[in-house]
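In case you want the letters, here they are:
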Amino acid sequence: MPDPIRPRTFAHVVYRTRRFQEMLRWYQRVFGAKVQYGNDALAFLTYDDEHHRFAIANLDVLKPGAAAPAAGRGEIGVDHVAYGFASLAELLGKYEELKALGIRPYWCIHHGVTVSLYYGDPDGNQMEFQVDCFASHDEANAFMEGPHFSANPIGVEYDPDAWLARLRAGESEQSLLPRRVHLPVSEVRGALAPAAAHLAS
Ligand SMILES: [Fe+2]
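Residues numbered from 1 in each chain as written. Predicted model: local features only at pLDDT ≥ 70, side-chain atom pairs only at ≥ 80, totals over all residues.

**Section: the overall build of the chain**
Right, on to step 1. Of regular secondary structure, the chain possesses 9 helices and 9 strands.
Right, on to step 2. Residues counted as buried form 31% of the 201 residues belonging to the chain.
Right, on to step 3. Contacts in the chain between residues at least 24 apart in sequence constitute 67% of all its contacts with a sequence separation of at least 6. (Helix = DSSP H or I, 4+ residues; strand = E, 2+ residues; numbered from the N terminus. Buried ≥ 20, exposed ≤ 12 C-beta atoms within 10 Å, placed from the backbone. Contact = placed C-beta atoms within 7 Å.)

**Concerning unusual backbone geometry**
Right, on to step 1. For the bond from L183 to P184, the omega torsion is 5°, close enough to zero to count as cis.
Right, on to step 2. Its location among the elements puts P184 in the loop between α7 (173-176) and α8 (189-192).

**Examining the packing of helix α3 (residues 88-100) against helix α6 (residues 160-168)**
Right, on to step 1. Interaxial distance between α3 and α6 falls to 10 Å at its minimum, and their mutual angle equals 125°. As far as their axial angle goes, α6 and α3 are oblique. The element α3 and its partner α6 pack so that their crossing is left-handed. Counting all contacts with α3, which are made through L88, A89, L92, Y95 and E96, the residues of α6 involved are P160, W163, L164 and L167.
Right, on to step 2. Looking at side-chain class alone, the contact of α3 with α6 contains 8 nonpolar, no polar and 1 charged residues. (Axes fitted to C-alpha atoms, helices over the stretch in contact; angles between N-to-C directions. Parallel < 35°, antiparallel > 145°, perpendicular 65-115°, else oblique. Left-handed = near helix turned anticlockwise from the far one by under 90°. Nonpolar A, V, L, I, M, F, W, Y, C, P; charged D, E, K, R; others polar.)

**With respect to helix α4 (residues 137-144)**
Helical geometry: 3.6 residues make up each α-helical turn, so side chains three or four residues apart lie on a common side.
Right, on to step 1. Within the span of α4, buried status applies to A140, F143 and M144. Each buried residue of α4 lies within a common arc of 100° when the element is viewed along its axis, so the set occupies one face.
Right, on to step 2. Structurally, α4 contributes buried residues whose contacts are with β2 (34-38), β3 (42-46), β8 (126-132) and α5 (147-151). (Arc of directions from axis to C-beta.)

**Overview of the pairing of strand β1 (residues 9-17)**
Right, on to step 1. As judged from the 7 bridges shared by β1 and strand β5 (residues 77-84), these two strands associate in the antiparallel manner. Considered in β5, the bridge of H12 is made with A82.
Right, on to step 2. Bridge count for β1 against strand β4 (residues 54-58) is 5 bridges, and the pairing is parallel. Among the inter-strand pairings, V13 is bridged to a residue of β4, identified as F54. (Pairing = 2+ DSSP bridges.)

**Notes on the environment of L164**
Right, on to step 1. One can find L164 in helix α6.
Right, on to step 2. By C-beta crowding, L164 is classed as partly exposed, having 18 other C-beta atoms within 10 Å.
Right, on to step 3. Setting aside its immediate chain neighbours within four residues, L164 contacts L92 and E96.

**Some words on the confidence of the model for the chain**
Right, on to step 1. When pLDDT is averaged across the chain, the result is 88; 90% of the residues are at 70 or more.
Right, on to step 2. Note that pLDDT drops below 50 for residues 191-201; the model gives that stretch 23 contacts with residues more than four away or on any other chain. (pLDDT = per-residue confidence, 0-100.)

**Some thoughts on the sheet that holds strand β6 (residues 107-110)**
Right, on to step 1. Overall, mixed pairing links the 9 strands, which are arranged β2-β3-β4-β1-β5-β8-β7-β6-β9 in an open sheet. Two strands lie at the open edges of the sheet, namely β2 and β9 (156-157), each paired on one side alone.
Right, on to step 2. Pairing between β3 and β4: 4 bridges, direction antiparallel. Within β4, the position partnered with F44 by the bridge is A55.
Right, on to step 3. Along the sheet, helix α1 (residues 20-31) contacts β1, β2, β3 and β4; its crossing angle with β4, the most-contacted strand, is approximately 165°.

**Quick look at the pairing of β5**
Right, on to step 1. As judged from the 5 bridges shared by β5 and β8, these two strands associate in the parallel manner. When the sheet's bridge partners are listed, H80 is paired in β8 with Q126.

Listed below in structure tokens is the structure:
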């Protein structure tokens, strides 16, 4: 059996909260983090030159009301953790490797700063496998501060099989990585759908 493709970095963790401002203040104070991009629903924070080390999702905006916890899992807490891969070829190679094992992503999304695949473990813990779209942190940070990110900070869905075919046909990573189409805004399946629902789909 070939050696599995491994992530290069541990990238970030995303939390869901109903104490949005309090959480923002806590991560700013404890980690010396700054808000790289934020609105009422979602904030991305970093404490180093990575574009984000934390994201905080505000359930009071995204899911108003005291909704029942989804599929027995806590509504508040860790939404997902993210691992970075060295290249788009490695990310899509990982997709292919896992597909052969019967393990499929439940969300394939071009976030703008990363191209990402979301997977659930057997308990429904969510993880993001990603590759950076920009060669430098400055470029990624500039994108997050620009109009396309504020118009769509969630992302646009893509088909990993189609992308893999394009890469194998000779298209460059540099051609595929920039997000040129910014709509439609995808539903936040990773953050807000019941874990069991997207594992079954
Ligand atoms: Fe993420």
